[in-house]
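# Residue-level structural notes
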Amino acid sequence: MTWSDASLIAPILWVTLGGVAVLMTDAFWRRAGTGHLTAVSVVFLTIAAIYAARSDASGSAFAGALAADSFSAFFNLTFIVVALITLALGSSYFADEEQPLVEFFPLVMFATVGMMVMAAATDMITIFLGLETMSISLYVLAALQRRSILSMEAGFKYLILGAFSSAFLLYGMALLYGSTGSTHLPTMATAIQGVGFDRDLLFWMGWGFLLVGLGFKIAMVPFHMWTPDVYDGSPAPVAGFMAAGVKAASFAAMLRVVWTGLPALGDMWIDMLVVFAVVTMTAGNLIALAQSNLKRMLAYSAIAHAGYLLVGIVATTPSMTDPAARGILFYLMVYALMNLGAFALITLVSSREGEKVDLAGFAGLARRHPVISACVTVFMLSLAGIPPTAGFWGKVYVFEAAVRDGHTVLAVIALLNSAVAMFYYLRVVVLMYMREPEDEAYTGLDPQVGAAMVVLAVALLWIGLFPGPMAELARQGVSALAGSF
Amino acid sequence: MPDLTTLHVHLGHYLTLSAILFFIGVSGVVFRRNAIIMFMSIELMLTAVNLTFLAVSRQLGDHQGHVFVLFALAVAAAEAGVGLAILVEIFKRRGSIDVDDFRKLME
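Chains are numbered independently. Their residues run from 1 in the order of the written sequence. Chains and ligands are labelled by the order in which they are written, letters from A for the one and numbers from 1 for the other. Local features in a predicted model are, by the rule used here, given only for residues with pLDDT of at least 70; side-chain atom pairs are given and counted only at 80 or more, and totals for whole chains, interfaces and linings are based on all residues. Calculation of side-chain values draws on the structure's entire complement of heavy atoms; hydrogens and water are dropped beforehand.

### Considering the overall build of chain B
Secondary structure elements follow DSSP: runs of H or I no shorter than four residues count as helices, runs of E no shorter than two count as strands, and numbering proceeds from the N terminus. Regarding its fold elements, chain B presents 3 helices and 0 strands. Going from the N terminus to the C terminus, chain B shows its helices and strands as α-α-α. Considering chain B as a whole, with its 107 residues, one finds that 38% of them fall into the buried category. Contacts are assigned to residue pairs that have any heavy atoms within 4.5 Å of one another. For chain B, long-range pairs separated by at least 24 residues make up 51% of all intrachain contacts whose partners lie at least 6 apart in sequence. Computed by Shrake-Rupley with a 1.4 Å probe, the accessible areas treat only the displayed protein chains as cover when residues are assessed. Element-wise, carbon and sulfur atoms account for 67% of the exposed surface of chain B, whose accessible area totals about 6,100 Å². Between buried and exposed lies partly exposed: a residue is buried under 20% and exposed over 50% of the maximum accessible area for its type, with that area taken using a 1.4 Å probe on protein chains only.

What follows is the structure, encoded as structure tokens:
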């Protein structure tokens, strides 16, 4: 490791250092509550964010294993924001336990490191390492509430299926290494362009397994079975972190991998992805309609959003000005914000024992907490993709790119799906405003979670009204991605 | 009886063997209900992948596959550590490691 390598990955190093610092703080400066741990984490995340935001240096670090450019900077900022909000939600959620679950803080930091490595990785080895750093931290986070059997089972289920899918991913990588002769993505891309792979069994099997492995992580149907159970059983802030962070990191890696192979993959691959995209969003939306438990509803909605993002993957082509990739980046950032908002609502109303959050529990929430209800309305409108919220622009960018690429039918199916999805998102809003509150309905209010919700809602409205700057950041990210090949 | 002195083992054999091992692992995860056996099957899948990496690496005369295997081994060990810890905790509470008993989430 040279000094220039270290300075290129400064944001990742600062978050790593932060994770270690939180562990040390807990070991040597044990106090009641979790405020001091939150403070240490926030300080290090803020330093990392500053480094990520003013990264004018770009280049390739560690002999081509990681790339530091606008693409990784965009995702670094996304993950840092996700981690900050998660900490805001979790610090009070876990402080309430008789014994505060201090492991939450370092694990969130290390999972964030994994996500950042995944987004910056330009070598299959680093993609795998980032993915596992993220996943192993998340297995523990899902199982964090040791008093709740639900949480333990969620962690175990996530671990078995996650390890199973990682094995597929790894096998795909091994076969691609065998057929292209390298694990370094740009070298692979050159090899792919030079030789025809039409009849190469290893190459096609490799892509198939790679897609299965990534499909598990992004909750693509038919590899989505774990999602509802794991989200339902995990502590609410962790479920939000999973939904927002894992999806963004996996799609970042997927984008880079797909760009590597696209010249050789051809129409059959695109047709296959179209089928996956349609099935994923339709199944996700239809099953979400039938849910009465908010956490499960959001899990199926996460599956549907993976389908919308796959529309972008279908339409993407490696170029500096690719509109589909720009749409994906924008969508991922916005999805992270609105989804965290929805999970903040669950954090607010769920009991600490991991009980199920029934939709009826929100009846009449507007009567008691008008500000919170207004925020939730923004999140739900944004998830449904209604202007003037940011979710609308995410969908516009992705679907417009699909139409421009000639996938009009796919874009129409995606629009019809969005219309179906409106029903179950708006149901939450209707329940809050139109019904009388139930007796045992939620009455308390956690100021920290409330503040996080207000910040998220304002950000979503702001991006919705002025999508330009964020779209410009996404565009810069895409042109940096194209430059890294 | 084949003449063993002329029998050559080359890349194709290694790839076939690792594919067979991998799918033995897959069927173990899919069909067995004992959590420990499922873990062992996942380890078998990862080992099969490592064999592919090493065979290819040897064939190409390239070191990247070796590096990958070292990382994959470390990751597999970490995963098993976390998995067994969670499993012990579940066993303490439930007295069973049969995954068909893990049904609380589905209710």
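Here the narrative resumes, following the displayed structure.
### Structural notes on the interface of chain A and chain B
In this complex, chain A contributes 46 residues to the contact, which on the side of chain B involves 46 residues. Joining two parts hides part of their accessible area as seen by a 1.4 Å probe, and the buried area is that hidden amount summed over both. Area buried by chain A at its contact with chain B is led by A:F156, A:Y171 and A:Y177, which between them contribute 18% of it. Any Lys or Arg side-chain nitrogen located within 4 Å of an Asp or Glu carboxyl oxygen qualifies as a salt bridge. Seen at the junction of chain A and chain B, the total is 2 salt bridges. Any pair of N or O atoms that falls within 3.5 Å is considered a polar contact. Within protein, one atom must be able to donate a hydrogen and the other to accept it, and sequence-neighbouring residues count only if both atoms are side-chain atoms. Applying the counting rule to chain A against chain B returns 8 residue pairs in polar contact (both at pLDDT 80 or more). Looking at the side of chain A that touches chain B, the elements that each hand over two or more residues are α6 (124–142), α7 (149–180), α9 (201–218) and α10 (226–233) of chain A. It is α7(A) that provides the largest number of residues to the side of chain A that touches chain B, a total of 22 residues.

### Things to note about unusual backbone geometry
Residue and element names in this part refer to chain A. Cis geometry is adopted by the peptide bond preceding P222, which originates at V221 and carries an omega value of 5°. Assignment of secondary structure puts P222 in the loop between α9 and α10. Cis geometry is found at the peptide bond from P387 to P388, where omega equals 5°. Note on placement: P388 falls in the loop between α15 (370–384) and α16 (390–404). Positive phi, close to 50°, is recorded for A63, a residue that is not glycine. Position of A63 among the secondary structure elements: in the loop between β1 (59–61) and β2 (66–68). A residue is classified by how much of its surface remains accessible, and A63, at 84% relative accessible area, is exposed. A positive phi angle, near 60°, is found at A219, a position not held by glycine.

### Regarding the side chain of A:H407
Residues and elements named next belong to chain A. Assignment of secondary structure puts H407 in the loop between α16 and α17 (408–434). Judged by relative accessible area, which is 18%, H407 ranks as buried. A distance of 3.4 Å separates a polar atom in the side chain of H407 from a polar atom in the side chain of D405. The residues contacting H407, other than those within four sequence positions of it, are I270, V274, V314, A315 and A402.

### Some points on the confidence of the model for chain A
Predicted coordinates in regions of low pLDDT should not be interpreted in detail. Per-residue confidence from the predictor is reported as pLDDT, which spans 0 to 100. When the pLDDT values of chain A are averaged, the result is 89; 95% of them are 70 or greater. Taking the mean pLDDT of every element in chain A, the minimum, 80, falls on helix α14 (residues 365–368) of chain A and the maximum, 96, on helix α5 (residues 104–120) of chain A.

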